[in-house]
Amino acid sequence: MSLNRILTIVLRQLYLIRGSFSRVFPLFAWIGVDMILWGFLTRYLNSVASSGFNFVPALLGAVLLWDFFARIMQGVTIAFFEDVWSRNFLNIFATPLLISEYVSGLVLTSVLTSLLGLLIMLVLATTLFNLSFFAYGFMIFPFLLVLFLFGISLGIFGSALVLRLGPASEWFIWPIPAIISPFVGVLYPISTLPDWMQAVSRILPPTYVFEGLRAIITGKSVPLISLALAAALSFIYIFLAYLLFVRIYHSALKSGLIARYSAESVS
Amino acid sequence: MPILSVSGLKKVYDDIIAVDGISFDVASHEIVGLLGPNGAGKTTTIDMILGVLKPDAGTISIDGLDIFSHRSEAISRTNFSAVYTPLPGNLTVAQNLRIFGRLYSVSNLSERIEDLLVRFDLVKFRDKKCGVLSSGEQTRVSLAKSMLNSPNLLLLDEPTASLDPATARDVRLKIREFAEECKGGVLWTSHNMYEVEDVCNRVLFLSHGKILLEGNPKTLPAEYGKKTLEELFIAVAREPLSLEEN
């Protein structure tokens, strides 16, 4: 693997972001919208709830962590979509770039753009709504790690899907976080869900993060074994998503899809 | 040792045989024209040499390196320009050249980019996004990119198709210079028979995925009773069987 070629994929994305307001704007726009919506909602709930329960870390914190996860996933897929939108597959895959270097470059790109998003989130949450991620103690780090790893796995999976199904299928990818969110209990304990949904929840790593987050807020301890399980599941999903991407890439090399990638050729 | 060695190359899509067991070499300093009607298998052959299409049978080696078992090393010695594959329109000319130069691990990249910007008359477009350039200007950017790594094997798929005659002549001159001055060999597809006759040392006529004829473009037409290369091309396209019998 060549670090130089991996960094080149990152550099390409930085060139694109630097030269385009429409690419910079989404890095913080939706985070800002969610902050304002959920921030004021939690402030309102705090004012009407008689229990004295603080909704800020429970709801606003959960929404921010979920936004972080979505940004990680989209960081990978958007970097991949740039090659789809500019019909760049033939150019880029006819270079010495290895598929492992390409995927690593997408992941590294996502890390950088997501960290920027996380920073903006923290500034807004702290200054506007007095939420500090350190309200969760040091557990915030394993929480972020699990969400980061699972976001990467879904980003690679989504990219593999679009590589296989064609550019038009990108619309399957955008709603993935929204489809997953009811199962992982972003806003409510998974005990609220019917049994079959709880069964799905248990194989989704973010479930353990949001259950842990609520445990901390209610003064309970977070079972470290559950976070270890979540991290292990995430690594397995990354591995499986990468295998799927490589398999689809090799299948595309055989079918001629890489050389003629367009909506017309694959749909 | 040839720069490019292709042996028994075959590609089948469903029931259609796109390339049917072809073998050929390209030597150092040699410009080889890959000719044939639409659908003859030219682009399929180039895609396989570029490593973006896996053959069903056969081998391809560049400088003795098999492109599938030594992909990175083999592909780093080649480069290409194709009229149907412009560089990303959302990056500037200089950014595209930098990105692709880094992917090919070009040393002294900044100097190399400046040299190519001058050579292909692209200095004034350096900071323009490729997408806003005319098709001829985009072709020149693509050609500049194809020479970034001074490849041992240059693959050109209709490189002058969108150029005006004067620019096309300049481009032909540059590619000839490349073949004479560098170690490289060139595999070139074109439908412009005047250009092929002017530039190529040797031509391969493809028809239905097979190499039908091979030889010097200046003498080949007479060998088959034709006055010009264009007449021979038309015969290959319309009556390939009559040529096979010769």
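Remember, it's a predicted structure, so these values are computed and weren't measured experimentally.

A look at the overall build of chain B
Helix and strand counts for chain B stand at ten helices and ten strands. Taken over C-alpha atoms, the radius of gyration comes to 18 Å for chain B, in line with the 18 Å a tight globule of 246 residues would show. Expressed along its principal axes, the backbone C-alpha trace of chain B runs to roughly 55 × 40 × 35 Å. The buried share of chain B, taken over its 246 residues, is 50%. The long-range share in chain B, meaning contacts at least 24 apart out of those at least 6 apart in sequence, stands at 66%.

Some points on the pairing of strand β9 (residues 202–207) of chain B
All names here are of chain B. Counting buried residues along β9, five of its six residues qualify, which places the element largely inside the surrounding structure. The pairing of strand β3 (residues 31–35) with β9 spans four bridges and is parallel. Bridge assignment links V32 to a residue of β9, and that residue is R202. Bridge count for β9 against strand β10 (residues 210–215) is five bridges, and the pairing is antiparallel. Counterpart to S207 in the pairing with β10 is K210. In sequence, β9 turns back onto β10 through a hairpin of two residues, with H208 there showing a positive phi of about 50 degrees.

Observations regarding the domain arrangement of chain B
Residue and element names in this part refer to chain B. As far as domains go, chain B holds domain 1 (4–77 + 151–245) and domain 2 (88–150). Each of domain 1 and domain 2 was reduced to a C-alpha centroid, and the two centroids are 25 Å apart. Contact residues are listed per partner, giving twelve residues for domain 1 and eleven residues for domain 2. With four residues, helix α6 (residues 165–181) is the largest single contributor of residues to the side of domain 1 that touches domain 2. By residue class, the composition of the side of domain 1 that touches domain 2 is seven nonpolar, three polar and two charged.

Rules used in this analysis
Residues numbered from 1 in each chain as written. Chains lettered and ligands numbered in written order. Predicted model: local features only at pLDDT ≥ 70, side-chain atom pairs only at ≥ 80, totals over all residues. Helix = DSSP H or I, 4+ residues; strand = E, 2+ residues; numbered from the N terminus. Rg over C-alpha atoms; globule rule 2.2 N^0.38 Å. Buried ≥ 20, exposed ≤ 12 C-beta atoms within 10 Å, placed from the backbone. Contact = placed C-beta atoms within 7 Å. Pairing = 2+ DSSP bridges. Domains from an automatic or database assignment. Nonpolar A, V, L, I, M, F, W, Y, C, P; charged D, E, K, R; others polar.

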